[in-house]
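Residue strings, one per chain:
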Amino acid sequence: MRTNITDVRSIIPATAVMDADVESYIGAANLFTTNWLGSVGLTEDTLTEIERWMTAHMIASTRDRIGIKEEAGSAKIEYANTFAAGLLSTPYGQIVLSLDTTGTLDSLGKKNQIKIQSL
């Protein structure tokens, strides 16, 4: 594993996720990072950062909902994860995409898109 609990907790707000669970997320992020990016030419430092931010993305996607609260008088509304799909669904995933300078992760969701062209 490239990252650790302390480094992951330094980028996510206070979370109720136990350390053992953070370790599990780190393991999943490590597999994801290694499988998709381990051989595309990124430096080990970059892979470490991607793994750290991917771990935070996974936690935010499944456990901690990132919310936006709006209030006007007694009216209140809260939105959770008001972003796009996939890695774009959290700020952490967006950073993962920006760290992957190869564009590998950005192209993941686009591989099976259908394109229609007129003749």
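Residues numbered from 1 in each chain as written. Predicted model: local features only at pLDDT ≥ 70, side-chain atom pairs only at ≥ 80, totals over all residues. Heavy atoms only, no water.

1. Considering the packing of aromatic side chains
Moving on, step 1. On inspection of all chains with the given rule, the structure shows 1 aromatic pair.
Moving on, step 2. Arranged with centres 6.1 Å apart and planes meeting at 35°, the rings of W53 and Y92 form a pair that is tilted. Note that W53 is positioned in helix 3 (residues 44–62) and Y92 in helix 4 (residues 91–99), a separation of 39 residues in sequence.
Moving on, step 3. Residue Y92 is classed as buried on the basis of its relative accessible area of 10%. (Phe/Tyr/Trp six-rings, centres within 6.5 Å; stacked < 30°, edge-to-face > 60°. Helix = DSSP H or I, 4+ residues; strand = E, 2+ residues; numbered from the N terminus. Buried < 20%, exposed > 50% of the residue type's maximum accessible area, 1.4 Å probe, protein only.)

2. Quick word on the confidence of the model for the chain
Close inspection of predicted coordinates is inappropriate for parts of the model with low pLDDT.
Moving on, step 1. Across the chain, pLDDT averages 85, with 79% of residues at or above 70.
Moving on, step 2. Looking at the elements of the chain, mean pLDDT is at its lowest for strand 1 (residues 67–72), recorded as 65, and at its highest for helix 2 (residues 19–37), recorded as 97. (pLDDT = per-residue confidence, 0-100.)

3. Quick word on the environment of D45
Moving on, step 1. Here D45 lies in helix 3.
Moving on, step 2. Taking C-alpha positions, D45 is 8.8 Å from R2, a pair spaced 43 residues apart along the chain.

4. Here's the deal with helix 3
Moving on, step 1. Here helix 3 is 19 residues long and its end C-alpha atoms lie 27 Å apart, about the 27 Å a rise of 1.5 Å per residue gives.
Moving on, step 2. Looking at the buried side of helix 3, the elements it contacts are helix 1 (5–9), helix 2 and helix 4. (Expected span 1.5 Å × (residues − 1). Contact = heavy atoms within 4.5 Å.)

5. A few points about the environment of M54
Moving on, step 1. Positionally, M54 belongs in helix 3.
Moving on, step 2. Given a relative accessible area of 2%, M54 falls into the buried group.
Moving on, step 3. Non-local contacts of M54, meaning those with residues more than four positions away in its chain, are made with A29, F32, L87 and V96.

6. Focus on the packing of helix 2 against helix 3
Moving on, step 1. Following both chains from N to C, one finds helix 2 and helix 3 inclined at 125°, their axes separated by 8 Å at the closest point. Considering the angle they form, helix 2 stands oblique to helix 3. Considering the relative orientation of helix 2 and helix 3, their crossing is right-handed. Along its contact with helix 2, which presents V22, Y25, I26, A28, A29, N30, F32, T33 and L37, the element helix 3 presents L47, I50, E51, M54, T55, M58, I59 and T62.
Moving on, step 2. Its residues assigned to classes, the contact of helix 2 with helix 3 shows 12 nonpolar, 4 polar and 1 charged. (Axes fitted to C-alpha atoms, helices over the stretch in contact; angles between N-to-C directions. Parallel < 35°, antiparallel > 145°, perpendicular 65-115°, else oblique. Left-handed = near helix turned anticlockwise from the far one by under 90°. Nonpolar A, V, L, I, M, F, W, Y, C, P; charged D, E, K, R; others polar.)

7. What to know about the pattern of salt bridges
Opposite charge on two side chains makes pairing possible when the charged atoms of those side chains draw close.
Moving on, step 1. Within the structure shown, the criterion is met by 4 salt bridges.
Moving on, step 2. In this structure, the salt-bridge partner of R2 is E51, at a minimum N-O distance of 3.0 Å. Within this pair, whereas R2 is found in the segment before helix 1, its partner E51 is found in helix 3, the two being separated by 49 residues in sequence. In this structure, R2 and E51 share a single accessibility class: buried.
Moving on, step 3. Members of the salt-bridge network, linked through shared partners, are R2, E44 and E51. (Salt bridge = Lys/Arg side-chain N within 4 Å of Asp/Glu carboxyl O.)

8. Digging into the nonpolar core
Moving on, step 1. Counting residues in hydrophobic clusters, the biggest one holds 25 residues, and the most contacted among them are I12, V22, M54, I59, V96 and L105.
Moving on, step 2. Elements supplying a minimum of two residues to this core: helix 1, helix 2, helix 3 and helix 4.
Moving on, step 3. Here this core gets 8 residues from one element, more than from any other, and that element is helix 3.
Moving on, step 4. If near-sequence neighbours (up to four positions away) are discounted, I12 is found in contact with A56, I59 and Y92. (Core = buried A, V, L, I, M, F, W, Y, C linked by side-chain atoms within 4.5 Å.)

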